[in-house]
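Breakdown of the fold
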Amino acid sequence: LTQKRGVNYMKQVKLVGEKEFEFNKVSIPKVNPEQVLIKVKACGICGSDIHSYKGKHPFVDPPIVLGHEYLGIVEKKGSKVSSNIEVGDLVTSELALNCGECYNCRQGRPQICKNAKHLGNVGKDGAMQEYFTMRADKVHVLPDDATKVEGVMTEPTAVGVHAVRKSKFTVGDTVLVIGAGVIGNLTAQVLSAAGADKVIVAEMKEGRIEKANEVGLETTVNTGKSDLSAWLNKNIGTENLDLIYDCVGIEATLNMAIENARKGSQIMLVGVPEEDLTLNMAFVQDRELDISGTLQYIREDFSRAINLIASDKVDVKPLVTNSYPFLEYKTAFETAIDQAKATKGMMKVMLDYD
């Protein structure tokens, strides 16, 4: 933070094109009555940020400040902000700034609001700057002892919570999670905490399988070495597979889910596809498969994510594997897209503003 002619300035990193950032010093934003001003302490690089960086996110058009997985401190609060949020609180927030008036808002589904702006994605600059404003009704106060890692990992944990709650999951189910990246790992952990009888994690990167084992996900299949269908038939029988979560979102993984799903069962598409997919729709029709998309979360999911982390029912600590100072953002993004590092166990890359 610098002082110039009586005006406060802050550092900001803006995505302006494919793998192209612009570093700026800009004025700290003013707070309107319904907002809080947040001083960012740490920000994670999400899969959607990576899609945007590579120019492959279907809905993000630069220029925009990325970042929505963060921990911050309330610096100021607007005159209409309730006493539930105070200056000095540790906070993070939801992503969607919904209109409150469209059909889905009225139905309690603000994450798919027709008119929504999305922090760090669409219409609202995100947390890859030293300060930003956020609508107070989307802000969540974290425990006083929350770490940077826990704050950063709250939002992706809420994604996993929503994927489970939106599905037809019931206690005692046997489930398959395809993909053991951050979202796949967290979704599998949420399923375990929710009472799944068996959670099978399928992944081809050995380092991510090791991370899954480290957080207590013991049943894993390396799909780079073993045929998933053969493994399922031998170890559980596909008739006993109740639900599948695709946390990758590419053609190969979704077809893998379609081919291995029990007739009449559900597949949850959690991963964000980077491009159009060619799928085996004959199996979808003939086997009466239910393929459902899941996006973000609602407020209740976010609150549950905070509680799951605080109670150690979801272990997020091992998942932030790389941390860089804020001004090393270029190195951080290049690390985040490095598949060789991912194979060796890299998971979440975090920017540390201190």
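So, here is what we can say about the structure in this document. (Residues numbered from 1 in each chain as written. Predicted model: local features only at pLDDT ≥ 70, side-chain atom pairs only at ≥ 80, totals over all residues. Heavy atoms only, no water.)

**As for the side chain of Lys211**
Mapped onto the fold, Lys211 is located in helix α5 (residues 206-214). Among all residues touching Lys211, those that are not within four sequence positions of it are Asn185, Pro318, Thr321, Gly345 and Met347. (Helix = DSSP H or I, 4+ residues; strand = E, 2+ residues; numbered from the N terminus. Contact = heavy atoms within 4.5 Å.)

**Some details on the environment of Val270**
Relative to the assigned elements, Val270 resides in the loop between β16 (266-269) and α8 (281-286). A sequence separation of 108 residues divides Val270 from His162, and the C-alpha atoms of the two residues are 9.7 Å apart. In this view, Val270 contacts Val159, Ala163, Ile183, Tyr245, Asp246, Cys247 and Thr294; residues no more than four positions away in its chain are not counted.

**Brief notes about unusual backbone geometry**
Pro63 follows Pro62 through a cis peptide bond whose omega is 10 degrees. Structurally, Pro63 is set in the loop between α1 (47-53) and β5 (69-77). Residues other than glycine seldom take positive phi values, yet Glu288 does so here, at roughly 50 degrees. Along the polypeptide, Glu288 turns up in the loop between α8 and β17 (290-293). For Gln296, which is not glycine, the phi dihedral falls at a positive 55 degrees. Residue position: Gln296 is located in the loop between β17 and α9 (299-310). Judged by its relative accessible area of 9%, Gln296 falls in the buried class. (Buried < 20%, exposed > 50% of the residue type's maximum accessible area, 1.4 Å probe, protein only.)

**As for the pairing of β5**
As judged from the eight bridges shared by strand β4 (residues 35-45) and β5, these two strands associate in the antiparallel manner. Within β5, the position partnered with Gly44 by the bridge is Glu69. Pairing of β5 with strand β6 (residues 90-93), which is carried by two bridges, proceeds in the antiparallel orientation. Counted as the bridge partner of Gly72 is Val91 from β6. (Pairing = 2+ DSSP bridges.)

**Brief notes about the sheet that holds strand β9 (residues 123-124)**
The mixed open sheet is built from three strands, whose spatial order is β7-β8-β9. Where the open sheet ends on each side, the last strands, each with one partner, are β7 (96-97) and β9. Bridge count for strand β8 (residues 117-119) against β9 is two bridges, and the pairing is parallel. Counterpart to Leu119 in the pairing with β9 is Lys124.

**Side note on empty space enclosed by the protein**
Per the stated rule, a full pass over the model turns up one cavity of 30 Å³ or more. Approximately 30 Å³ is the volume attributed to the largest cavity. Around the largest cavity sit Glu150, Ile309, Asp312, Val314, Asp315, Val316 and Lys317, which together line it. Here the lining of the largest cavity is composed, by residue class, of three nonpolar, no polar and four charged. (1 Å grid on protein atoms, 1.4 Å probe; cavity = no way out; pocket = protein on both sides within 12 Å on 5 of 7 lines; lining within 4 Å. Points joined across faces, edges and corners; volume = space filled by probe spheres on them. Nonpolar A, V, L, I, M, F, W, Y, C, P; charged D, E, K, R; others polar.)

**Here's the deal with α5**
Residues of α5 that are buried include every one of Gly207, Arg208, Ile209, Lys211 and Ala212, and no others. Looking at the packing, one finds that the buried side of α5 touches α4 (182-194), β13 (198-203), β14 (219-222), β18 (320-325) and α11 (339-343). One or two steps after α5, the chain reaches Gly216, where phi turns positive at roughly 100 degrees.

**Digging into the pattern of salt bridges**
Summed over all chains, the structure comprises 16 salt bridges. Between Lys317 and Asp315 there is a salt bridge, with its nearest N and O atoms 3.4 Å apart. Classification of Lys317 as exposed rests on a relative accessible area of 52%. One continuous salt-bridge network, built from bridges that share partners, spans Lys41, Lys148, Asp352 and Asp354. (Salt bridge = Lys/Arg side-chain N within 4 Å of Asp/Glu carboxyl O.)

**Section: the packing of helix α3 (residues 148-166) against α4**
Interaxial distance between α3 and α4 falls to 8 Å at its minimum, and their mutual angle equals 55 degrees. With respect to each other, α3 and α4 are oriented oblique. α3 and α4 meet at a crossing whose hand is right-handed. On the side of α3, the interface is formed by Met153, Pro156, Thr157, Val159, Gly160, Val161 and Val164, while α4 contributes Val182, Ile183, Leu186, Thr187, Val190 and Leu191. Residue composition of the contact of α3 with α4, grouped by class: 10 nonpolar, three polar and no charged. (Axes fitted to C-alpha atoms, helices over the stretch in contact; angles between N-to-C directions. Parallel < 35°, antiparallel > 145°, perpendicular 65-115°, else oblique. Left-handed = near helix turned anticlockwise from the far one by under 90°.)

**Quick notes on the environment of Pro62**
Note that Pro62 resides in the loop between α1 and β5. Under the relative-accessibility criterion, Pro62 is labelled partly exposed at 34%. Along the chain, Pro62 and Gly108 lie 46 residues apart, while their C-alpha atoms are 30 Å from each other. With residues near it in sequence (within four places) discarded, Pro62 still touches Leu15, Val16 and Gly17.

**Some points on the sheet that holds β14**
Strands sit in the order β14-β13-β12-β15-β16-β17 across an open sheet of six strands; the sheet is parallel. Either end of the sheet is taken by a strand with one partner, and the two such strands are β14 and β17. Sheet twist, expressed as the mean angle between neighbouring strand axes with direction ignored, is 20 degrees. By the bridge criterion, four bridges tie β16 to β17 in an arrangement that is parallel. Counterpart to Met268 in the pairing with β17 is Ser292.

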